[in-house]
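These are the residues of each chain, in order.
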Amino acid sequence: MPSMTRRTALAAFAACALATAVAFPAGAQPKAGEPLKIGFVYVSPIGDAGWTFQHDTGRKEMEKALGAKVTSKYIESVPEGADAERVIRELAQSGHQLIFTTSFGYMNPTIKVAGTFPKTQFEHATGYKSAKNVGIYNARFYEGRYLAGIVAGRMTKSNVAGYVAAFPIPEVVMGINAFARGMRSVNPKAEVKVVWVNSWFDPGKESEAANTLISQSADVVTHHTDSTATVQTAEEKNVYSFAYHSDMSKYAPRTQLTATTHHWGDFYTRTVSAVLAGTWKPEPVWGGFKDGMIGLAPFNPAMPAEVQALARDLER
């Protein structure tokens, strides 16, 4: 698993890079008394659970906290690549002074557009490239993954866990490694099998991957993808699961043991407040349990009291 020191150093090094500005109209600035216009770019549908749902929940919390000082717009289901660059550029051209781009594959498009709109602020989630007007933010998801792994190690009978993964990028690999290390810390015989679906959101592929892992003796499964398909498949097969991004227990009321949940509202509110106050700086943010950026969903009563206590103690 990439170490905290290496990842932090990489972010700090990348923050020194400056995007090259070219002659292009800068984003419109707000007039006195007008709200700050904020744009959000989402990689998957908002739905009612998952990565994008959690970001949109954070957006709503920010709007509620700041009221008439802000107005926001979101665009969902934006593919990474050329489409993302077009959408980000259109938001900047239409006068959005702060733009949040919420997927790893938006990193290069964000940097490119930021270079042509030097008066617009950008924040990119999960990436490592920064600029004078581009900040980066992420959460220490691996902390929750490690605890889920401990629970999995105690609950498995086959000693095999299944992991439905999106893309082999550092964020995803880090989660897999943390989950595996958590399992093996309490169960040295445990192993984690991974199926890559090469998509952030494809319920059909995710369900197929979960079924494949269950057929290979996995009696606990988890995922780093955006839909609820993995936990739903586990519920159908009567196999334990750990949800990701959101509490998905309504889709797996019998078999979801817990979930690593993401919480962006405070971060969005702080960041927007700094822009409003003129104090915003492109500083990297990487928060975990103690920062309130991740948490654990309520435990399934099927978990023995001693397993619940172990996880809660480590969460603190």
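Each remark here, short or long, concerns the structure printed above.
Residues numbered from 1 in each chain as written. Predicted model: local features only at pLDDT ≥ 70, side-chain atom pairs only at ≥ 80, totals over all residues. Heavy atoms only, no water.

*Asks:* So, empty space enclosed by the protein: which residues are in play, and what are the values?
*Replies:* Enumeration according to the criterion identifies 3 cavities of 30 Å³ or more in this entry. Quantified by volume, the largest cavity comes out at close to 70 Å³. The wall of the largest cavity is formed by Val 43, Trp 51, Thr 102, Ser 103, Phe 104, Thr 126, Glu 171, Trp 200, His 224 and Asp 226. A class-by-class count of the residues in the lining of the largest cavity yields 4 nonpolar, 4 polar and 2 charged. Here the second largest cavity is characterised by a volume of approximately 60 Å³. (1 Å grid on protein atoms, 1.4 Å probe; cavity = no way out; pocket = protein on both sides within 12 Å on 5 of 7 lines; lining within 4 Å. Points joined across faces, edges and corners; volume = space filled by probe spheres on them. Nonpolar A, V, L, I, M, F, W, Y, C, P; charged D, E, K, R; others polar.)

*Asks:* Give me the side chain of Asp 56: which residues, what numbers.
*Replies:* Along the chain, Asp 56 falls in helix α2 (residues 51-66). By relative accessible area, which is 2% here, Asp 56 ends up buried. A distance of 2.7 Å separates the side chain of Asp 56 from the side chain of Arg 59, its partner in a polar contact. Once you skip the residues sitting within four places of it in the chain, Asp 56 turns out to touch Tyr 42, Ile 46 and Tyr 74. (Helix = DSSP H or I, 4+ residues; strand = E, 2+ residues; numbered from the N terminus. Buried < 20%, exposed > 50% of the residue type's maximum accessible area, 1.4 Å probe, protein only. Polar contact = N/O pair within 3.5 Å; in protein donor to acceptor, adjacent residues only side chain to side chain. Contact = heavy atoms within 4.5 Å.)

*Asks:* Any chance you could break down the sheet that holds strand β4 (residues 121-125) for me, citing the residues and the numbers?
*Replies:* Taken in spatial order, the 6 strands of this open sheet run β2-β1-β3-β4-β5-β11, and their pairing is parallel. Two strands in the sheet have a free side with no partner beyond their single neighbour: β2 (70-75) and β11 (285-287). Here the strands of the sheet are splayed against their neighbours by 15 degrees on average, with no regard to which way each runs. This element, helix α9 (residues 265-277), spans β1 (36-41), β2, β3 (98-101), β4, β5 (134-139) and β11 of the sheet and lies at about 155 degrees to β3. (Pairing = 2+ DSSP bridges. Axes fitted to C-alpha atoms, helices over the stretch in contact; angles between N-to-C directions.)

*Asks:* Describe the pattern of salt bridges, listing the residues and the values that go with them.
*Replies:* Charged atoms that come close allow side chains of opposite charge to pair. Within this structure, the stated rule accounts for 9 salt bridges. Here Arg 59 ties to Glu 63 by a salt bridge, and the two come within 3.7 Å at their closest N and O atoms. Note that Arg 59 and Glu 63 are positioned in helix α2 at a spacing of 4 residues, about one turn of the helix. Ionic pairing is found between Asp 291 and Lys 290, a salt bridge with its closest N-O pair at 3.4 Å. We classify Lys 290 as exposed; its relative accessible area is 77%. The network of salt bridges with common partners includes Asp 56, Arg 59, Lys 60 and Glu 63. (Salt bridge = Lys/Arg side-chain N within 4 Å of Asp/Glu carboxyl O.)

*Asks:* So what about the packing of helix α7 (residues 203-215) against helix α8 (residues 229-237)? Which residues, and what values?
*Replies:* Here α7 crosses α8 at 45 degrees, and the two axes come no closer than 8 Å. Taken together, the axis directions place α7 and α8 in an arrangement best described as oblique. Read as a crossing pair, α7 and α8 show a hand that is right-handed. Taken together, the residues of α8 that come into contact with α7 (itself represented by Pro 203, Glu 206, Ser 207, Ala 210, Asn 211 and Ile 214) are Ala 229, Thr 230, Thr 233, Ala 234 and Lys 237. Split into classes, the residues belonging to the contact of α7 with α8 amount to 5 nonpolar, 4 polar and 2 charged. (Parallel < 35°, antiparallel > 145°, perpendicular 65-115°, else oblique. Left-handed = near helix turned anticlockwise from the far one by under 90°.)

*Asks:* Can you lay out the pairing of strand β7 (residues 191-196) for me, pointing to particular residues and giving the numbers?
*Replies:* Each regular strand shows side chains that alternate between the opposite faces of the sheet. Two strands pair when backbone bridges link them, and strand β6 (residues 160-165) and β7 are joined in this way by 6 bridges, in the parallel orientation. When the bridges of β7 are listed, Val 164 appears paired with Val 195. The handedness of the β6 to β7 crossover, carried by helix α6 (residues 170-186), is right-handed. (Right-handed = clockwise from strand over helix to strand, strands pointing away.)

*Asks:* Residues and numbers for the packing of aromatic side chains, please.
*Replies:* One pass over the structure, following the stated rule, counts 20 aromatic pairs. Measuring from centroid to centroid gives 6.5 Å for Phe 100 and Phe 267, while their planes differ by 75 degrees, and the two rings are edge-to-face. Highlighted residues: Phe 100 in strand β3 and Phe 267 in helix α9, separated in sequence by 167 residues. Side by side, Phe 100 and Phe 267 carry an identical accessibility label, which is buried. Ring centres of Phe 104 and Tyr 128 lie 6.4 Å apart, and the angle between their planes is 45 degrees; on these two criteria the pair is classed as tilted. With Phe 104 in the loop between β3 and α4 (107-116) and Tyr 128 in the loop between β4 and β5, this residue pair connects regions lying 24 residues apart in the sequence. On the basis of relative accessible area, Tyr 128 is assigned to the partly exposed category, the value being 33%. Feature note: the residues Phe 40, Tyr 42, Trp 51, Tyr 74, Phe 100, Tyr 137, Phe 141, Tyr 244, Trp 264, Phe 267 and Tyr 268 constitute an aromatic cluster, connected by ring pairs. Taking NZ or CZ as reference, Arg 145 lies 3.6 Å from the ring centre of Tyr 244, over its face. (Phe/Tyr/Trp six-rings, centres within 6.5 Å; stacked < 30°, edge-to-face > 60°. Lys NZ or Arg CZ within 6 Å of the ring centre and 35° of its normal.)

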